Amino acid sequence: MPPTPLSPAMPACSRPPRPRTPRPLARAIRGVLWLAIGLGLAGCATPRDPRKDQEFQSLASITDRPVVRPTRSISSFSDSLMCMDHMLRDAQLPTTLITSKQIPDYSTRVTVATKDMVITALSQMSRLSNAFRFVDYEVDIARQDTVQNLTTILLNNNQMQLQRPALYLSGAISFVDQNVINNRFDTGLSGPRIDMGYSQSRNATIIGLEMHLGDFRTRTLIPGLDSANEVIIGNGGQGVDLAGRIGTYGVQFNVGRDYTQGSGSAVRTLVDLATIELIGKWARVPYWQCLTLEQNHPDFQRQLRDWFDEGSPAVRTQLIARSLVSRGYLAPVAQPLPDNDPALRKALARFQADNGMVVTGVVDFATYERALRHFVGLSADGTLARIGWASTHSEPVQHIAVGPATPDAAVNVVSNNPGAAKYGDPPPARSIDLQIENVLLERTAFEVGEQVFLSATVSRASYLQCFLADATGTVIRLLPNQANTTGWVSANQAIRIPDWMSPNPGFIMDAASPGTEGVACFATDEDSTPRLPEALRGPPLKPIPNYRALERFNEAFATAWGSEGYTGNAVYWQVVPRRALPAAATAPAQPAPRK
């Protein structure tokens, strides 16, 4: 039997052949692709019609607007500046002219307006005390502007006079040591289909500022009146990278968070601290009391922000409203006020204006921090604690919270201002502080023809009217006047009567006739002019008919506003005849005999 022919060997596993695209179809696809590319290049070469982008471009002006409200630039020592203002007021320091040199940064790493920060610090230190007036005159030709050029022209033509400063500040940003300490950490993992990575970095930079106080008359620096401080700023960040492949596709993922502490706020903190130290040493006042406030704690605003975030918007509004009631800006109410209540918004605006904030009339963190900052103290362990309030409700509490972990823990809290108003207290009575500001302190007698200088300070923003009565019974209105037509004054800001620092004060007060003279001031929440008698609505600095004593004005305000609707205060002094000059001074000078 013939052998069976072997059949051809078959493969164990075979893959069907991939169907090929017919050549005519492939050529058609390639043609379409080249056509699309050609059309795209032609479109790029042809200018786009801007009219088609009109609707898109119309959003540019809206998009360019900031979405966060501006806030007041402050430092950890802003409250210390206000403390120094009151301290200089209590010391009855006379107004001193001061100026400053440029505060350069030779490292060129902190290019900030340091001199202007010095001017702001001095201004904040003089709101109530009128302690300093800054002489603004630049001698650097490269920095002169229109004001300085006009000043030079007027000085050369004897049409202007500059007063010589008594003091001047000098200094410089002494060093900027970047990345003094630097810590980095990077790690990663790689596999066939996934790559992972983690990175972390942090570093610290030190900025130093040195300032001195000098005597301008001799251009010498006063020994011992110096300040040399430094502050640390840092930045850090961390990030995660993830990459992988799913089939023929790749996926990448990256997330990170970073922070950078700017040099501007750090330099402002150093400037405020240096100004307090130099002025405190020069004025010989216990300035260190202003540097131990709770508000100077580095974590003060961060802790207030944590408490702000803990409460709901309604709780924040009621906390601020109760604080405004305690300060006399808002009348007590039985029911909680909504955010859009006109009385609340008006009280918020007045409170913000009195505290040097950007006036918005709305509840925000800046207002929250300013309204509740005085109800915070230090606990036994050195942490910040709330005094008499909680972040989750607006009712006054007896216990003192230490933080989120123990919101009702009763601890021993120390405050540097134990006499201040407490949260939930009834509003304090408004007060007017009238003082004689002549060089001799506590002076109560003046000679005929001698000028008298006063200052008036109201404890909260009010409308102020002041009247002067001389010994002959003539009474005139000093305020409102042409310079302040409404009489509106801010809280805790001294009003000079007259403004002796102005070249055109509008009026002067001379002791007229022997006898008793006085000035009475009255403060109200609204403009008093429409409610007062017709005789009191006349022009300022003119005799008021039928009114010969200041007590009559007190009666008129009591009739118009009631005994609780206004606040009044008066100051009196004696006028004595002018002393006769010595005979040697009055006798005419004899001509010198000829030789």
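See the structure shown above.
All of the points below concern the structure found in this document. (Residues numbered from 1 in each chain as written. Predicted model: local features only at pLDDT ≥ 70, side-chain atom pairs only at ≥ 80, totals over all residues. Heavy atoms only, no water.)

1. Quick word on the packing of aromatic side chains
- Here the structure, examined in full by the defined rule, presents 18 aromatic pairs.
- With 5.9 Å between their ring centres and 45° between their planes, F132 and W282 make a pair best called tilted. Pair noted here: F132 is in strand β2 (residues 132-134) and W282 is in helix α7 (residues 263-283), with a separation of 150 residues, a long-range link.
- Taking 5.6 Å as the distance between ring centres and 85° as the angle between the ring planes, the aromatic pair formed by Y329 and F351 counts as edge-to-face. In this pair, Y329 is assigned in the loop between α9 (313-327) and α10 (342-354) and F351 in helix α10, connecting sequence segments 22 residues apart. (Phe/Tyr/Trp six-rings, centres within 6.5 Å; stacked < 30°, edge-to-face > 60°. Helix = DSSP H or I, 4+ residues; strand = E, 2+ residues; numbered from the N terminus.)

2. Some details on the pairing of strand β6 (residues 249-260)
- Of all 12 residues making up β6, only 0 are buried, and the element is barely covered by its neighbours.
- The pairing of strand β5 (residues 220-246) with β6 spans 12 bridges and is antiparallel. Of the residues in β6, the one forming a bridge with I246 is Y249.
- Adjacent in sequence and paired antiparallel, β5 and β6 are bridged by 2 residues, among which G247 carries a positive phi angle near 65°. (Buried < 20%, exposed > 50% of the residue type's maximum accessible area, 1.4 Å probe, protein only. Pairing = 2+ DSSP bridges.)

3. Focus: the packing of α10 against helix α11 (residues 365-372)
- Relative to each other, α10 and α11 sit at 75°, their axes nearing to 11 Å. Classified by the angle their axes make, α10 and α11 are roughly perpendicular. On α11, the residues touching L348, F351 and Q352 of α10 are T367, R370 and A371.
- Its residues assigned to classes, the contact of α10 with α11 shows 3 nonpolar, 2 polar and 1 charged. (Axes fitted to C-alpha atoms, helices over the stretch in contact; angles between N-to-C directions. Parallel < 35°, antiparallel > 145°, perpendicular 65-115°, else oblique. Contact = heavy atoms within 4.5 Å. Nonpolar A, V, L, I, M, F, W, Y, C, P; charged D, E, K, R; others polar.)

4. Section: the state of the cysteines
- Counted according to the given criterion, the structure contains 2 disulfides.
- Sulfur-sulfur distance for the disulfide between C83 and C290 comes to 2.0 Å. With the S-S bond torsion at -70°, the cross-link from C83 to C290 turns out left-handed. Residue C83 is located in helix α4 (residues 78-90), and its partner C290 is located in the loop between α7 and α8 (300-310); the two are separated by 207 residues in the primary sequence.
- Overall, the relative accessible area of 0% leaves C290 in the buried class.
- Between the sulfur atoms of C466 and its disulfide partner C521 the distance amounts to 2.1 Å. Residues C466 and C521 are joined through a disulfide that is right-handed, its torsion about the S-S bond being 110°. (Disulfide = S-S within 2.5 Å.)

5. Thoughts on the pattern of salt bridges
- Across all of its chains, the model carries 17 salt bridges by this definition.
- A salt bridge links R373 to D79; the nearest nitrogen and oxygen atoms lie 2.0 Å apart. Of this pair, R373 sits in the loop between α11 and β7 (376-378) while D79 sits in helix α4, and the two are 294 residues apart along the sequence. A single burial state applies to R373 and to D79, both of which are buried.
- For R370, the salt bridge goes to E369, with nearest N and O atoms at 3.8 Å. The pair R370 / E369 is uniform in exposure class, with both members buried.
- Among the charged side chains, a network of salt bridges with common partners joins D79, E369, R370 and R373. (Salt bridge = Lys/Arg side-chain N within 4 Å of Asp/Glu carboxyl O.)

6. Remarks on the sheet that holds β2
- Pairing in this open sheet of 6 strands is mixed, and the strands run β2-β1-β3-β4-β5-β6 from one edge to the other. Unpaired on one side and paired on the other, β2 and β6 mark the two borders of the sheet. Put simply, the sheet's adjacent strands are angled 25° from each other on average, direction ignored.
- Its contacts with the sheet place helix α5 (residues 114-124) against β1 (96-100), β2, β3 (167-190) and β4 (194-215), and it is angled at close to 150° to β2.
- Those strands touched by α7 are β1, β2, β3, β4 and β5, and its axis lies near 160° from that of β5.

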